[in-house]
Amino acid sequence: MAFVSGHATNLAVIDTVMGQRDLVLYDELAHNSIFVGAQMSGAQRMAFAHNDPDSLERLLVQHRARYRHCLIVSEGLFSMDGDGPDLARLVEIKARHRAWLMIDEAHSLGVLGRTGRGIFEEQGVDPQEVDIWMGTLSKTLVSCGGYVAGPAALIEFLKFQAPGMVYSVGLPPTAAVAATEALDLMLAEPERVARLRANGQRFIGAVRAAGFDPGSSWGLAVAPVFIGDSLQTVLLSERMMERGFATVPVFAPGVPEGQARIRFFLSASHCDAHIDAVVATMAEEQRAVAQSGLSVSRVATDAIRARSQDSDG
């Protein structure tokens with residue numbers, strides 16, 4: 001079933017399925033919509049360490065027995081880090097602890113797997129082993145909205161119980177047709193996914209060769225380049241824009257100070273020349289930003305010194 005918003009999809013599903021006597025365990029880097037949905041449900045909420053099934057298992061051992069239902073939520077491809085979970089381990093853990101498993105495929109549909117079907121295809125896991133699949137109609141499907149897929153009983157329940165379905169409008173036909181057509185093209189032309197994967201691997205290799213840190217990114221569509229200082233990240237992104245490269249700076253409070261990054265999105269339409277040029281330009285502009293000496297700590301220090309001087313005066 002489809003909702004008019006991806007964010008609202010997670011809110012509606014988690015809020016409807018879970019309640020005050022339940023437990024929601026989610027990856028600490030999960031999307032805001034997952035946390036807010038759990039919060040709205042009234043369930044007990046706990047975060048496990050990013051992509052760490054052992055951390056998840058410890059929480060289940062300690063707390064599962066006290067709750068009626070338990071929902072584990074992770075993502076197929078994390079939008080800020082470009083990595084993902086070990087799906088087979090999550091399936092094994094949820095089965096052992098009588099929990100449900102929900103995977104958010106907002107960024108992994110069209111990216112992971114030979115035909116872009118997502119993380120289950122990428123890692124060879126039976127998709128029926130996951131209780132709830134969620135994703136968006138934006139991004140790969142170039143439309144707008146969100147979807148949830150799962151057992152027929154779940155979908156029937158949500159149709160009549162989820163506030164985001166019962167009390168909201170449906171998708172406009174144009175949005176539904178656009179998403180359906182994009183999905184058909186994705187499945188009919190797997191060479192697009194292959195080109196995307198090749199571009200991502202080329203980018204990650206070039207980034208590392210230039211001395212940058214892409215973190216734990218798989219190099220599949222989403223690729224962060226860690227800069228560290230928030231101010232330097234913004235300045236570098238602005239300089240890249242002036243050179244003709246649209247980049248996305250991510251800084252505090254979106255991520256902790258010291259972990260600011262520029263987030264790159266690779267597509268199948270990029271060519272080798274695009275990738276080589278953007279990495280070379282970034283290396284050149286980063287040297288200029290570093291030489292400027294500007295940073296959050298320097299600005300803060302100068303501000304404190306100026307205030308102290310004014311106070312003394």
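For the structure, check the block above.
Worth saying up front: this structure is predicted, and the values here are computed from it rather than measured. (Residues numbered from 1 in each chain as written. Predicted model: local features only at pLDDT ≥ 70, side-chain atom pairs only at ≥ 80, totals over all residues. Heavy atoms only, no water.)

Draft legend 1. Representation of empty space enclosed by the protein in the model. Applying the stated criterion to the full structure yields one cavity of 30 Å³ or more. There is about 40 Å³ of room inside the largest cavity. Forming the walls of the largest cavity are D27, F48, N51, D52, P53, S74, P85, D86 and L90. Here the lining of the largest cavity is built from residues that sort into four nonpolar, two polar and three charged. (1 Å grid on protein atoms, 1.4 Å probe; cavity = no way out; pocket = protein on both sides within 12 Å on 5 of 7 lines; lining within 4 Å. Points joined across faces, edges and corners; volume = space filled by probe spheres on them. Nonpolar A, V, L, I, M, F, W, Y, C, P; charged D, E, K, R; others polar.)

Draft legend 2. Seen up close, the packing of aromatic side chains. Taken as a whole, this structure holds three aromatic pairs when the rule is applied. Ring centres of F203 and F264 lie 4.9 Å apart, and the angle between their planes is 50 degrees; this geometry places the pair in the tilted category. Highlighted residues: F203 in helix α9 (residues 191-209) and F264 in strand β10 (residues 260-265), separated in sequence by 61 residues. In terms of burial, F203 and F264 fall into one category: buried. (Phe/Tyr/Trp six-rings, centres within 6.5 Å; stacked < 30°, edge-to-face > 60°. Helix = DSSP H or I, 4+ residues; strand = E, 2+ residues; numbered from the N terminus. Buried < 20%, exposed > 50% of the residue type's maximum accessible area, 1.4 Å probe, protein only.)

Draft legend 3. Structural detail: the environment of D184. Considering the arrangement of structural elements, one finds D184 in helix α8 (residues 173-188). By relative accessible area, D184 is classed as partly exposed at 42%. Between the C-alpha atom of D184 and that of L141, which follows or precedes it by 43 residues, the distance is 9.7 Å.

Draft legend 4. Looking closely at the pairing of strand β2 (residues 23-27). Most of β2 sits inside the fold, with five of its five residues counted as buried. What joins β2 to strand β3 (residues 44-48) is helix α2 (residues 32-41), and the crossover it makes is right-handed. With four bridges connecting them, β2 and strand β4 (residues 70-75) associate as parallel partners. Looking at the pairing, L25 lines up with I72 of β4. (Right-handed = clockwise from strand over helix to strand, strands pointing away. Pairing = 2+ DSSP bridges.)

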